[in-house]
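# A closer look at the structure
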Amino acid sequence: AISWVTRVLDAGVLNPADEARIRLQRACLALNVAPELTRSDATAALPVVAASGDLIALVTAHGTVALDANARGELDRALHHAHLAVAVARQTTLERTADALGMLAVVQTAGGDAAGVPATAHEAGEAVDRSGAPAARLPAATNPSLAPARPRPPPPPPPARDLAARGPPHDPRRRHR
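Now for a look at the structure at hand. (Residues numbered from 1 in each chain as written. Predicted model: local features only at pLDDT ≥ 70, side-chain atom pairs only at ≥ 80, totals over all residues. Heavy atoms only, no water.)

Of the regular secondary structure elements, the protein holds nine helices and zero strands. When its helices and strands are written in sequence order, the protein yields α-α-α-α-α-α-α-α-α. Across the 177 residues of the protein, 34% fall into the buried class. Carbon and sulfur atoms make up 60% of the accessible area of the protein, which totals about 10,500 Å². (Helix = DSSP H or I, 4+ residues; strand = E, 2+ residues; numbered from the N terminus. Buried < 20%, exposed > 50% of the residue type's maximum accessible area, 1.4 Å probe, protein only. Areas by Shrake-Rupley, 256 points an atom, 1.4 Å probe, with all protein chains shown as cover.)

See below:
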């Protein structure tokens, strides 16, 4: 899909607003496989989408930037764009608001605001219930529930001098003479 979208963009036939929307879609597709492409496309698309007045696309743009920043460990930037996505989503549909709140819960978990996750997830659930759209429940429910399962980087290994000072590991199967 990414290569097809790239061919469309390379054709040079799109007006700026459509090109920004297509770049935004490619950024979403590339989020987990090509982070540099995600960053460049989302960064290029965001101001054009904002100027176009397309609020649904603007929620996606801020959400994509938030998830990209979250994956890079840029937690303040991630939280900032996640909150912007929710603020814009509140001007659209309840389904889109629930989706943005679910994404915010993911970013809150990694961004040091884990205490805010239950309230955000609860608000997402209320938005789904008020919307009457059962399909909106999926992203609103799965995003926050998956957030704690996101892998964390392993702690750095202890310096070699610390390992040497400890001596060899104890092995109860080994007989000492």
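Moving on from the coordinates now.
To continue, consider helix α6 (residues 94-110). If you check α6, its first and last C-alpha atoms are 25 Å apart, about what 17 residues at 1.5 Å a residue would give, namely 24 Å. α6 sits mainly inside the fold: 14 of its 17 residues count as buried. Two residues or fewer past α6, G112 is found with a positive phi of approximately 85°. (Expected span 1.5 Å × (residues − 1).)

Let us look at the side chain of D68. Its location among the elements puts D68 in helix α4 (residues 55-72). D68 has contacts with L31, P35, T38, R39 and R77, leaving out every residue within four places of it along the chain. (Contact = heavy atoms within 4.5 Å.)

Moving on, we come to the packing of helix α2 (residues 16-30) against α4. Here α2 crosses α4 at 40°, and the two axes come no closer than 10 Å. In terms of orientation, α2 and α4 fall into the oblique class. The element α2 and its partner α4 pack so that their crossing is left-handed. Contacts between α2 and α4 pair L24, A27 and C28 from the former with A57, T60, A61 and T64 from the latter. Its residues placed into classes, the contact of α2 with α4 shows five nonpolar, two polar and no charged. (Axes fitted to C-alpha atoms, helices over the stretch in contact; angles between N-to-C directions. Parallel < 35°, antiparallel > 145°, perpendicular 65-115°, else oblique. Left-handed = near helix turned anticlockwise from the far one by under 90°. Nonpolar A, V, L, I, M, F, W, Y, C, P; charged D, E, K, R; others polar.)

We now examine the environment of G116. Within the secondary structure, G116 is located in the loop between α6 and α7 (117-131). G116 gets classed as buried once you look at its relative accessible area, which sits at 16%. Once the C-alpha coordinates of G116 and L104 are considered, the two residues, twelve residues apart in sequence, prove to be 9.6 Å apart.

For the rest of this paragraph, the subject is the nonpolar core. Counting 24 residues, the largest nonpolar core has L24, V49, V59, A82, M103, L104 and V107 as the members making the most contacts within it. Breaking this core down by element, the ones donating at least two residues are α2, α3 (35-52), α4, α5 (75-89) and α6. By residue number, the principal contributor to this core is α5, which donates seven residues. (Core = buried A, V, L, I, M, F, W, Y, C linked by side-chain atoms within 4.5 Å.)

Tracing the backbone shows A114 in the loop between α6 and α7. Those residues in contact with A114 that lie beyond four places of it in its chain are Q108 and T109.

The next subject is the pattern of salt bridges. For side chains of opposite charge, pairing can occur when their charged atoms come near one another. Applying the stated rule across the entire model yields twelve salt bridges. In this structure, R23 and D41 form a salt bridge, with 2.8 Å as the shortest nitrogen-oxygen distance. Of the two residues, R23 sits in helix α2 while D41 sits in helix α3, which places them 18 residues apart along the sequence. For R23, a relative accessible area of 21% corresponds to the partly exposed category. Relative accessible area serves as the criterion here: at 1%, D41 is assigned to the buried category. The closest approach of N and O atoms between E74 and R39, which form a salt bridge, is 2.6 Å. Taken together, the positions of E74 in the loop between α4 and α5 and R39 in helix α3 put the pair 35 residues apart, joining distant regions of the chain. Judged by relative accessible area, R39 falls into the partly exposed class, the value being 22%. The network of salt bridges with common partners includes E36, R39, D68, R72, E74 and R77. (Salt bridge = Lys/Arg side-chain N within 4 Å of Asp/Glu carboxyl O.)

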